[in-house]
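One-letter residues, chain by chain:
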Amino acid sequence: VTDIKSRVIYEARKNFERSLKNDPSSVAARITDIGEVNISEGTKVVQCLINDYSENDQKTFDEKVLYVRHDENVGLGSYVEFDNYIWLIVFREHRASNIHKSFIMRKCNQILKYQYQNEVYEIPCVVRNLTQYSDGLQDIVYTSVPDGKRSITYSQNAITSHIKLGQRFLINSE
């Protein structure tokens, strides 16, 4: 440690390490590296802190705050296996001090099956209904036309980067 600033950062990192050992919200979770397609047996286990960010409601879905060490290979689009669900990191909180990384993650509620080069990949994603106050039907004089709008959020990686703008998906419960 060469100066006061470096010493403060060093002490803050040591305090964060203590939190990883003693905090009740500290868990060991499987987290994918940046660009990793999905959680597998080979996915690394990371000691991290996970806290509530918002209430579980229809508007924001269930969101959590994830804190990891400053040098972990975790970023936007990483998947986290926590509480028997898969979560997607959707936002990074940028901090002035480089003590730890802080993210917002959302619970994935659908699996997108995507075929690429004769192999089917299961990609966890967050699907949101954009027609919240509608039944998804536009009534015309003699008929009804489906008018459902969905927002699909998934990780960007070597497989999903081949999904093109305007590509169609079929989303159902199976």
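Values in this document were obtained by computation on a predicted structure and should not be read as measured data.

## Digging into the overall build of the protein chain
Helix and strand content of the protein chain: one helix and 11 strands. Along the chain direction, N to C, the helices and strands of the protein chain fall in the order α-β-β-β-β-β-β-β-β-β-β-β. Expressed as a percentage of its 174 residues, the buried residues of the protein chain come to 33%. Residue pairs at least 24 apart in sequence account for 47% of intrachain contacts in the protein chain once pairs closer than 6 positions are excluded. Counting only carbon and sulfur atoms, one obtains 47% of the accessible surface of the protein chain, whose full area is about 11,700 Å².

## Thoughts on the packing of aromatic side chains
Throughout the structure, instances matching the rule amount to one aromatic pair. When the centroid spacing of 6.0 Å and the interplanar angle of 50° are considered together, the rings of F82 and W87 count as tilted. For the pair shown, F82 and W87 are each scored as buried.

## Describing the nonpolar core
In this structure, I31, C48, L66, V68, V80, I89 and M105 are the most contacted members of the largest nonpolar core, which totals 14 residues. Those elements giving two or more residues to this core turn out to be β1 (26-31), β2 (45-52), β3 (63-69), β4 (79-82), β5 (85-93) and β6 (100-107). When residues in this core are grouped by element, the largest group, three residues, is from β2. In this structure, C108, Y114, C125 and V127 belong to the second largest nonpolar core, which totals 13 residues.

## Looking at the state of the cysteines
Throughout the structure, instances matching the rule amount to zero disulfides. The thiol of C108 is not disulfide-bonded; the next cysteine sulfur, from C125, is found 6.8 Å away.

## Focus: unusual backbone geometry
For residues besides glycine, phi is generally negative; the peptide bonds are generally trans as well. Despite not being glycine, D83 shows a phi value in the positive range, around 60°. Secondary-structure assignment places D83 in the loop between β4 and β5. Relative accessible area serves as the criterion here: at 51%, D83 is assigned to the exposed category. Unlike most non-glycine residues, Q117 shows phi in positive territory, near 50°. Relative to the elements of secondary structure, Q117 occurs in the loop between β7 (110-116) and β8 (119-129).

## A closer look at the side chain of K101
Mapped onto the secondary structure, K101 falls in strand β6. D71 provides the closest opposite charge to the buried, salt-bridge-free K101, at an N-O distance of 7.4 Å. At a separation of 2.6 Å, a polar atom in the side chain of K101 contacts the main-chain carbonyl oxygen of E72.

## A word on helix α1 (residues 4-22)
In this model α1 runs 27 Å from its N-terminal to its C-terminal C-alpha over 19 residues, within 8% of the 27 Å that 1.5 Å per residue would give. Here α1 has its buried residues at A12, F16 and L20. Along the axis of α1, the buried residues cluster in a sector spanning 90°; they form a single face. Structural note: α1 exposes I4, K21 and N22 on the side pointing more than 90 degrees away from its buried face. Here the buried face of α1 lies against β1, β2, β3 and β6.

Rules used in this analysis
- Residues numbered from 1 in each chain as written.
- Predicted model: local features only at pLDDT ≥ 70, side-chain atom pairs only at ≥ 80, totals over all residues.
- Heavy atoms only, no water.
- Helix = DSSP H or I, 4+ residues; strand = E, 2+ residues; numbered from the N terminus.
- Buried < 20%, exposed > 50% of the residue type's maximum accessible area, 1.4 Å probe, protein only.
- Contact = heavy atoms within 4.5 Å.
- Areas by Shrake-Rupley, 256 points an atom, 1.4 Å probe, with all protein chains shown as cover.
- Phe/Tyr/Trp six-rings, centres within 6.5 Å; stacked < 30°, edge-to-face > 60°.
- Core = buried A, V, L, I, M, F, W, Y, C linked by side-chain atoms within 4.5 Å.
- Disulfide = S-S within 2.5 Å.
- Lys, Arg positive; Asp, Glu negative; His and termini not counted.
- Salt bridge = Lys/Arg side-chain N within 4 Å of Asp/Glu carboxyl O.
- Polar contact = N/O pair within 3.5 Å; in protein donor to acceptor, adjacent residues only side chain to side chain.
- Expected span 1.5 Å × (residues − 1).
- Arc of directions from axis to C-beta.

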